[in-house]
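Here's the letter readout for the chains.
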Amino acid sequence: MSVAEKLEEIRKSIPDHVELVAVSKTHPTGLVREAYEVGQRVFGENKVQELVAKAEALPKDIKWHMIGHMQSNKVKYIAPFVSLIHGVDSLKLLKVINNEGARNKRIISCLLQVHIATESTKFGFSPEELLHLFESFNVRSLENVQVCGLMGMATFTDNQTQIKNEFHSLRVLFDRIKNQWMSDVDYFREISMGMSNDYLLAIEEGCTMVRVGSAIFGAR
Ligand SMILES: *Cc1c(COP(=O)(O)O)cnc(C)c1O
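A. Inspection of unusual backbone geometry at higher detail. Even without a glycine there, the phi angle at Thr26 is positive, about 70°. Take Thr26: it is sitting in the loop between β1 (19-23) and α2 (29-37). Relative accessible area serves as the criterion here: at 51%, Thr26 is assigned to the exposed category. One non-glycine residue with positive phi stands out, namely Lys105, at about 55°. Relative to the assigned elements, Lys105 resides in the loop between α5 (91-103) and β5 (108-114).

B. A look at the layout of surface pockets. For the largest pocket, the calculated volume is near 620 Å³. Classifying every residue of the lining of the largest pocket gives 10 nonpolar, 12 polar and six charged. Taken as a whole, the second largest pocket holds about 210 Å³ of empty space. Lining the second largest pocket, in full, are Asn46, Lys47, Val48, Gln49, Val52, Met66, His69, Gln71, Lys74 and Tyr77. At three residues, the largest contribution of residues to the lining of the second largest pocket is made by helix α3 (residues 48-57). Per-class residue counts for the lining of the second largest pocket are four nonpolar, four polar and two charged.

C. Representation of the pattern of salt bridges within the structure. All told, the structure shown has 10 salt bridges when counted by the stated rule. One salt bridge connects Lys54 with Glu45, and the closest N-O pair in it is separated by 2.8 Å. Glu45 shares its class with Lys54; the two are buried. A salt bridge links Arg189 to Glu190, with the nearest nitrogen and oxygen atoms 3.6 Å apart. Residue Arg189 is classed as partly exposed on the basis of its relative accessible area of 49%. Taken together, the shared-partner salt bridges in this structure form one network comprising Glu45, Glu50 and Lys54.

Conventions we followed
Residues numbered from 1 in each chain as written. Predicted model: local features only at pLDDT ≥ 70, side-chain atom pairs only at ≥ 80, totals over all residues. Heavy atoms only, no water. Helix = DSSP H or I, 4+ residues; strand = E, 2+ residues; numbered from the N terminus. Buried < 20%, exposed > 50% of the residue type's maximum accessible area, 1.4 Å probe, protein only. 1 Å grid on protein atoms, 1.4 Å probe; cavity = no way out; pocket = protein on both sides within 12 Å on 5 of 7 lines; lining within 4 Å. Points joined across faces, edges and corners; volume = space filled by probe spheres on them. Nonpolar A, V, L, I, M, F, W, Y, C, P; charged D, E, K, R; others polar. Salt bridge = Lys/Arg side-chain N within 4 Å of Asp/Glu carboxyl O.

By themselves, these figures tell us nothing about what the structure is for.
Set out below in structure tokens:
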């Protein structure tokens with residue numbers, strides 16, 4: 001199947017209220033363009049250098065999402081144009097993004113990454129750390145970032161129940177934060193969870209964004 005055909009299949013399985021982020025990391029710009037030509041506009045990359053190179057080479061109406069681990073000293077390269085940063089995992093990083101937003105006279109949309117998997121290799125706040133952040137700091141006081149929601153990655157496992165439980169825990173945490181601290185801001189509404197192997201489970205558990213790579217572009 002071509003990229004266009006795979007994309008069409010995946011779109012059919014995703015409800016309208018869920019945004020598809022096409023994860024193009026490691027794939028050449030030619031494949032990104034194939035997806036672009038059948039209407040895909042939101043793409044995800046996990047490395048700053050690759051994201052910047054692709055953004056320069058490809059049409060300007062693409063919305064680029066940074067989905068990978070973000071180092072503070074690299075924020076400046078994507079701050080002028082990035083559409084959403086999914087993996088914010090510290091207050092320090094959020095403040096750096098805020099400063100770069102100010103320098104570029106824009107408000108940068110971010111998601112806070114939560115560690116929901118059992119693997120220790122995945123980044124993110126623990127649920128306790130995230131609640132502590134909201135208790136101790138008003139994220140809305142940062143004028144050049146907008147915290148739009150949460151992002152998480154499930155454990156790499158065949159155990160569907162475990163994956164579902166992990167996604168469910170992110171949904172519950174989102175609802176709690178929304179109710180307690182963000183109920184009056186409509187932009188706090190995104191839950192980014194689900195990849196090629198588990199995005200249908202993520203949709204069942206109430207995500208608003210899925211990040212799908214290999215099911216569209218093939219194996220890396
Ligand atoms: C690579 C990646 C994806 C996409 O993974 P696939 O299994 O190829 O769909 C999603 N989210 C993050 C954070 C990634 O790094």
